[in-house]
Every structure is written in structure tokens, then in C-alpha cells.
Amino acid sequence: LDAIAAEVALRVGEFNEQNLASTAWAFATAGHAAPALLDAIAAEAVPRVGRFKPQELSNTAWAFATAGHAAPALLDAIAAEVALRVGEFNEQNLASTAWAFATAGHAAPALLDAIAAEAVPRVGRFKPQELSNTA
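Quantities reported herein were computed from a predicted structural model and do not represent experimental measurements.

Visitor: Even after reading the chapter, I still don't get the environment of Ser-96, so can you show me in this structure?
Guide: One can find Ser-96 in helix 6 (residues 91-104). Under the relative-accessibility criterion, Ser-96 is labelled buried at 14%. In the structure, Ser-96 is positioned 38 residues away from Thr-134 in sequence and 7.5 Å away in space, judged by C-alpha atoms.

Encoded structure:
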């Protein structure tokens, strides 16, 4: 995985938004530390968050939180974008995003307020895991 991480870090500008999110998710899921890769993904993603789909935003936040990799500029950008587009998020995306910010310890009160406002009328549609992640 180290060779892949090094190559991706060099070529991250060639990746589309789904590739960025999926790569961060894959390394976080594998539990493989790749700080240079995550730094490269974060730097590439910040100016592009407006082009990420809801699941890509949620997965990216989840990946950085799961990896325990601090990326405050990225999380700030994701928080601002999600707060604007929260109505596009399904229940799983809402729950995962809330969980990611709580786990990362990244303060984003406007984001969490927006998620709460969106979640309340839909709370009956949340699966048990989504409810526990949102709580």
C-alpha cells in the first residue's frame, strides 16, 4: 500500500472527486497510515468540495476522522458545503457526516445545526446505526 500511496500522492491532481473520496476511504478502512497521501488529498479536495456529491463529502469526512488525520481546512470546507446542501443528503450521509465531525473533534456548529434541522423531520427513516451515529 505504501507504493500506491506514494504514487497517488504524486498524481492526486489527476483524480476526480469520487477517486479522491474513495482513495481516502480505502486507506482509512484498511487502517493503513498514509499521512502524506491524506495531506495531498486534503489539499486537492479543499478547492473542489463544491463538485463533490453528498456521499463523497460524507465519505471523505468519515475517512479523515477514521484515520485520525487532522485536516482542518478540509473539514472547514466540507462543513460549509454540507451546510449549504444538507437537503441533498440521505440519512446515512447525514449520520456519517455528524459522526465524522464528532469523532474528529472538529467544531462545526453551523453544520451540526443544519444536520439536526434536516434530520428531525426524517428521524423515522433513520436506521438504528444511523440514529446512534447522529446522536
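Back to the text.
Visitor: Hey, could you run me through helix 6 in this one?
Guide: Every α-helical turn comprises 3.6 residues, leaving residues that sit three or four positions apart pointing alike. Across its 14 residues, helix 6 extends 20 Å between first and last C-alpha, which sits within 8% of the 20 Å expected from 1.5 Å per residue. Listed in full, the buried residues belonging to helix 6 are Glu-91, Asn-93, Leu-94, Ala-95, Ser-96, Thr-97, Ala-98, Ala-100 and Phe-101. Where helix 6 begins, the side chain of Asn-90 points an oxygen toward the backbone nitrogen of Gln-92, at a separation of 3.1 Å. Looking at the residues trailing helix 6, positive phi occurs at Gly-105, about 65 degrees.

Visitor: So what exactly am I meant to see when it comes to the layout of surface pockets here?
Guide: Empty space among the atoms becomes visible once a probe the size of a water molecule is rolled across them. Each pocket or cavity is described by its volume, and for the largest pocket that value is around 250 Å³. What lines the largest pocket is a set of 15 residues, among which Trp-62, Gln-92, Asn-93, Ser-96 and Asn-133 lie closest to the centre. Contributions of two or more residues to the lining of the largest pocket are made by helix 4 (54-67), helix 6 and helix 8 (128-134). The greatest single-element share of the lining of the largest pocket, amounting to 5 residues, is contributed by helix 6.

Visitor: It is not clear to me how helix 5 (residues 72-85) should be interpreted in this structure. Could you clarify?
Guide: Here helix 5 spans 20 Å end to end across 14 residues, near enough to the 20 Å set by a 1.5 Å rise per residue. Burial in helix 5 covers these residues: Leu-74, Leu-75, Ala-77, Ile-78, Ala-79, Glu-81, Val-82 and Arg-85. Elements that come into contact with the buried residues of helix 5 comprise helix 3 (35-45), helix 4, helix 6 and helix 7 (109-119).

Visitor: How should I be thinking about the environment of Glu-7 in this particular structure?
Guide: The topology assignment puts Glu-7 in helix 1 (residues 2-11). Judged by its relative accessible area of 38%, Glu-7 falls in the partly exposed class. With 61 residues separating them along the chain, Glu-7 and Gly-68 place their C-alpha atoms 22 Å apart.

Visitor: What is the right way to look at the pattern of salt bridges in this model?
Guide: When charged atoms on two side chains of opposite charge get close, those side chains can pair. Taken as a whole and assessed by the stated rule, the structure comprises 10 salt bridges. A salt bridge links Glu-14 to Arg-11, with the nearest nitrogen and oxygen atoms 3.0 Å apart. Overall, the relative accessible area of 38% leaves Arg-11 in the partly exposed class. The partner of Arg-85 in a salt bridge is Glu-88, and the shortest N-O contact between them spans 3.2 Å. One connected set of salt bridges, linked through shared partners, spans Glu-17, Glu-44, Arg-48 and Arg-51.

Visitor: Is there a simple way to explain the nonpolar core in this structure?
Guide: Most often, soluble globular proteins have nonpolar side chains that are buried together. Among the nonpolar cores identified, the biggest contains 43 residues, and Ile-41, Phe-64, Leu-74, Ile-78 and Phe-101 are the most heavily contacted of them. Of all the secondary structure elements, the ones that give two or more residues to this core are helix 1, helix 2 (17-30), helix 3, helix 4, helix 5, helix 6 and helix 7.

Visitor: Before we go on, may I ask you to explain the side chain of Asn-93 in this structure?
Guide: With respect to the helices and strands, Asn-93 occurs in helix 6. Leave out the neighbours within four places in its chain, and Asn-93 touches Pro-54, Gln-55 and Ser-58.

Rules of the game
- Residues numbered from 1 in each chain as written.
- Predicted model: local features only at pLDDT ≥ 70, side-chain atom pairs only at ≥ 80, totals over all residues.
- Heavy atoms only, no water.
- Helix = DSSP H or I, 4+ residues; strand = E, 2+ residues; numbered from the N terminus.
- Buried < 20%, exposed > 50% of the residue type's maximum accessible area, 1.4 Å probe, protein only.
- Expected span 1.5 Å × (residues − 1).
- Polar contact = N/O pair within 3.5 Å; in protein donor to acceptor, adjacent residues only side chain to side chain.
- 1 Å grid on protein atoms, 1.4 Å probe; cavity = no way out; pocket = protein on both sides within 12 Å on 5 of 7 lines; lining within 4 Å.
- Points joined across faces, edges and corners; volume = space filled by probe spheres on them.
- Contact = heavy atoms within 4.5 Å.
- Salt bridge = Lys/Arg side-chain N within 4 Å of Asp/Glu carboxyl O.
- Core = buried A, V, L, I, M, F, W, Y, C linked by side-chain atoms within 4.5 Å.

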